[in-house]
Amino acid sequence: MIIVKLLVADIKQGNAVANSILKNKFTLNVFGSSFDSFHVTLSNTMEQTEVYVIQFVTKSLLFNEIEESLKNEFPKTEFYICATPIVHMAINLHDKIRERVIGANLNKEKTEA
């Protein structure tokens, strides 16, 4: 299992991406909030912008499928995606995710059969 963190430009994009993640059965819950992002410009000055961060727990084998699905569905959206492995988690949450999170590809196979 992994925790996926995904940064997008604003809450509108965040809501659209969260909806896609849930619709494609990549997770059971999505958490999101706004954060300040700081970076250095080409003129060597600090700039601050607001970004929207989405986090969710999923199966590690779904990471590539999630990334590919989001790039296909939102081709003009710039986002930063990364994942952190989960060392330990409550067994009841683990079991729910193992049983109910199937990803978009397996979801399509089940509906086509």
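Everything numeric here is computed off the predicted structure, so don't read it as measured data.

Chemist: Any chance you could explain the sheet that holds strand 3 (residues 46-58) here in plain terms?
Modeler: Adjacent strands of a sheet pair through backbone hydrogen bonds, lying either parallel or antiparallel. Reading across from one edge, 2-3-1-4 is the order of the 4 strands in this open sheet, with antiparallel pairing throughout. The sheet is open, and its two borders are formed by strand 2 (31-40) and strand 4 (80-85), each paired with just one other strand. When the angles between neighbouring strand axes are averaged without regard to direction, this sheet yields 30°. In the sheet, strand 1 (residues 2-8) pairs with strand 3 via 7 bridges, with the strands oriented antiparallel. What sits directly across from leucine 6, in strand 3, is isoleucine 54.

Chemist: Can you walk me through the environment of threonine 41 in this structure?
Modeler: Tracing the backbone shows threonine 41 in the loop between strand 2 and strand 3. The exposure class assigned to threonine 41 is partly exposed, which follows from its relative accessible area of 21%. A polar contact of 3.0 Å, which involves the side chain of threonine 41, links it to the side chain of serine 43.

Chemist: How should I be thinking about unusual backbone geometry in this particular structure?
Modeler: Generally, phi is negative for residues other than glycine and the peptide bonds are trans, each holding for most cases. The backbone of lysine 25 shows a phi angle near 60°, a positive value even though the residue is not glycine. Here lysine 25 lies in the loop between helix 1 (11-23) and strand 2. A positive phi angle, near 65°, is found at asparagine 44, a position not held by glycine. Following the sequence through the fold, asparagine 44 ends up in the loop between strand 2 and strand 3.

Chemist: Help me out: how do you make sense of the nonpolar core in this one?
Modeler: Nonpolar side chains in soluble globular proteins tend to be buried together. Membership of the largest hydrophobic core comes to 20 residues, with the highest contact counts inside it found for Leu6, Val17, Ile21, Ile54, Ile66 and Leu70. Sorting the residues of this core by element identifies strand 1, helix 1, strand 3 and helix 2 (63-73) as the ones contributing at least two each. Setting aside its immediate chain neighbours within four residues, valine 17 contacts Leu6, Val8, Ile54, Leu70 and Phe74.

The rules behind the values
- Starting afresh in each chain, residues are numbered from 1 along the sequence in its written order.
- Since the coordinates come from a predicted model, pLDDT governs what is reported: local features require at least 70, and pairs of side-chain atoms require 80 or more to be given and counted, while whole-chain, interface and lining totals use all residues.
- The side-chain numbers reported here are obtained from all heavy atoms of the structure, hydrogens and water having been left aside.
- By the convention used here, strands pair only if DSSP detects at least 2 bridges between them.
- Here a helix means four or more residues in a row that DSSP labels H or I, a strand means two or more in a row labelled E, and each is numbered from the N terminus.
- Only C-alpha atoms enter the line fits that serve as axes; for helices the fit covers just the stretch in contact. Angles between N-to-C directions range over 0 to 180 degrees.
- Think of it in three bands: with a 1.4 Å probe and only protein chains considered, a residue is buried below 20% of the maximum accessible area for its type, exposed above 50%, and partly exposed in between.
- In protein, a polar contact requires one atom able to donate a hydrogen and another able to accept it; more generally it is a pair of N or O atoms within 3.5 Å, and residues adjacent in sequence count only if both atoms are side-chain atoms.
- Residues grouped as a nonpolar core are buried Ala, Val, Leu, Ile, Met, Phe, Trp, Tyr and Cys residues, joined through side-chain atoms within 4.5 Å.
- The contact criterion used throughout is that any non-hydrogen atoms of two residues lie within 4.5 Å.

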